[in-house]
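Coordinate inspection notes
Listed here are the chains, written in short residue letters.
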Amino acid sequence: MKNDIPYKTYLTEDELPTAWYNLRADMKQKPAPLLNPGTGRALTAEELTPIFCEELVRQELDDETAFFPIPAEIRDFYKMYRPSPLVRAYCLEKILDTPAKIYYKFEGNNTSGSHKLNSAIAQAYYAKAQGLRGVTTETGAGQWGTALSMACAYLGLDCRVFMVKVSFEQKPFRREVMRTYGASVTPSPSTETEVGRRILAEHPGTGGSLGCAISEAVEAAAKNPGYRYVLGSVLNQVLLHQSVIGLEAKAAFDKLGVKPDLIIGCAGGGSNLGGLIAPFMGEKLRGEADYRFLAVEPASCPSFTRGVFAYDFCDTGMICPLAKMYTLGSSFIPSPNHAGGLRFHGMSPVLSQLYHDGLMEARAVKQTEVFEAAELFARCEGILPAPESSHAIRAAIDEANLCRETGEETTILFGLTGTGYFDLTAYQQFNDGRMSDRIPSDEDLAKSIAALPRVPEC
Ligand SMILES: *Cc1c(COP(=O)(O)O)cnc(C)c1O
């Protein structure tokens, strides 16, 4: 077989994007604004700056500016691990015996093991530029906390991470990576914050949740002078920074003279998918080209496919702003047997709006099927994928199998967001045949959805 397309396409350092692309600028239907839960009104920059860095607030609220220049220092940091390769999955295609052409953009080539570093360095940079002492955040599985601690170490910023207690206990290695980069890591809920103490009193012995850790990190930022809170997903600013993934992918495809037909990404809070699709979706919105977009989520935390499009809290403690998004309700916690990540109850307001407007599709997949896809991929393509990324692999394989039946030569691009070295407990469950699928019942979901906050419809 003669391969006219190389296995890997790299851009040069000079071809690394010089500006992030803000998809909101091209959206006719803008994502709904964040609301102040106290007043029900759209949050102003003045209300957000006590919690978030000033420049990041500006980026968060700007629905008009299409391009934000990437500061030279951030670009220099990017050069240590970017541009990331666009890989043609020849071996996977062969095993599937499919006429589809499969590509993936690999973001796992840094110590944090995921795309999260792309936004971590940007957020840490603006905190530093503002003269702050440090930042607070939450982490679930630990990828975001690791990425942020790397970025803070590079810039000399203090980093305080509230880590969901079950992960803190089950993923001691993640914790030690963060500590090695100088971060302080606290299991959440903790007794360090008021909201943590309240949650501990109400739910003694709880293993915590992402929403609860967010509440703690926000409180810690608000109460400590010189600190601000940073978040690794969901927010508009995070999607903006992650556009570097899509811009690179687009440039690499242009170099090859290839156009993808279908773009697939896993969706937790929506940041990698929002970043990957950004320039392609921009073309679609402007009427310049057409693509199919597919968000893949776990059947055990199905925000897009079974959630409602409504204003909700981003955290369990209900102290964060309200965002209009596809949500299962902030009190929703996925079943403890769920090992595959992507366990946030809500979704990026940008992606939620696009999905609501019919510009993107969504699909939920079961975790045993996700790990089957991960195993197949690892055996033929060589990379041990993160469980999160494997949701996208699952859908890419399913689509490629469909092509085998129809004979269509669809060009598929999916985001391989990271590696799974810290997820070996989940892999162990799968290898031992102990992994199961627990899908929430309609009654489960109705309960958390009924607890959504009531806000006037805007
Ligand atoms: C955090 C994470 C995700 C999900 O987050 P999004 O904001 O939805 O992108 C996906 N893959 C990996 C490897 C992650 O670490």
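Model, not experiment: these values are computed from the prediction. (Residues numbered from 1 in each chain as written. Predicted model: local features only at pLDDT ≥ 70, side-chain atom pairs only at ≥ 80, totals over all residues. Heavy atoms only, no water.)

1. Description of the sheet that holds strand β4 (residues 86-88)
With mixed pairing, 7 strands are arranged side by side in an open sheet as β1-β4-β5-β15-β10-β11-β14. Looking at which strands have only one partner, the edges of the open sheet turn out to be β1 (8-9) and β14 (361-365). Pairing of strand β10 (residues 262-266) with strand β15 (residues 411-416) involves 3 bridges; the strand directions are parallel. Note on β15: the bridge partner recorded for Leu262 is Ile412. Here helix α12 (residues 271-285) sits on the sheet in contact with β5 (101-106), β10, β11 (292-298) and β15, set at roughly 155 degrees to β10. (Pairing = 2+ DSSP bridges. Helix = DSSP H or I, 4+ residues; strand = E, 2+ residues; numbered from the N terminus. Contact = heavy atoms within 4.5 Å. Axes fitted to C-alpha atoms, helices over the stretch in contact; angles between N-to-C directions.)

2. Focus on the sheet that holds strand β7 (residues 158-164)
Taken together, the 4 strands give an open sheet; going across it, the order is β8-β7-β6-β9, and neighbouring strands pair in parallel fashion. Edge positions in the sheet fall to β8 (184-188) and β9 (227-229), since each of these pairs with one other strand and no more. Averaged over all adjacent pairs, the angle separating strand axes in this sheet is 25 degrees, with direction ignored.

3. Some points on the domain arrangement of the protein
The assigned domain composition of the protein is domain 1 (7-112 + 238-431) and domain 2 (117-229). Computed from C-alpha coordinates alone, the two centres of domain 1 and domain 2 are separated by 22 Å. Contact residues are listed per partner, giving 39 residues for domain 1 and 35 residues for domain 2. Summed over both sides, the interface of domain 1 with domain 2 buries roughly 3,300 Å², with 64% coming from carbon and sulfur. Where domain 1 packs against domain 2, one counts 1 salt bridge. With a closest N to O distance of 3.1 Å, Lys171 and Asp423 form a salt bridge. For the side of domain 1 that touches domain 2, the secondary-structure elements that each account for two or more residues are α2 (54-61), α3 (72-79) and α11 (236-256). For the side of domain 1 that touches domain 2, the element with the highest residue contribution is α11, accounting for 5 residues. Of the residues contributing to the side of domain 1 that touches domain 2, the split by class is 22 nonpolar, 9 polar and 8 charged. (Domains from an automatic or database assignment. Buried area = accessible area lost by both parts, 1.4 Å probe. Salt bridge = Lys/Arg side-chain N within 4 Å of Asp/Glu carboxyl O. Nonpolar A, V, L, I, M, F, W, Y, C, P; charged D, E, K, R; others polar.)

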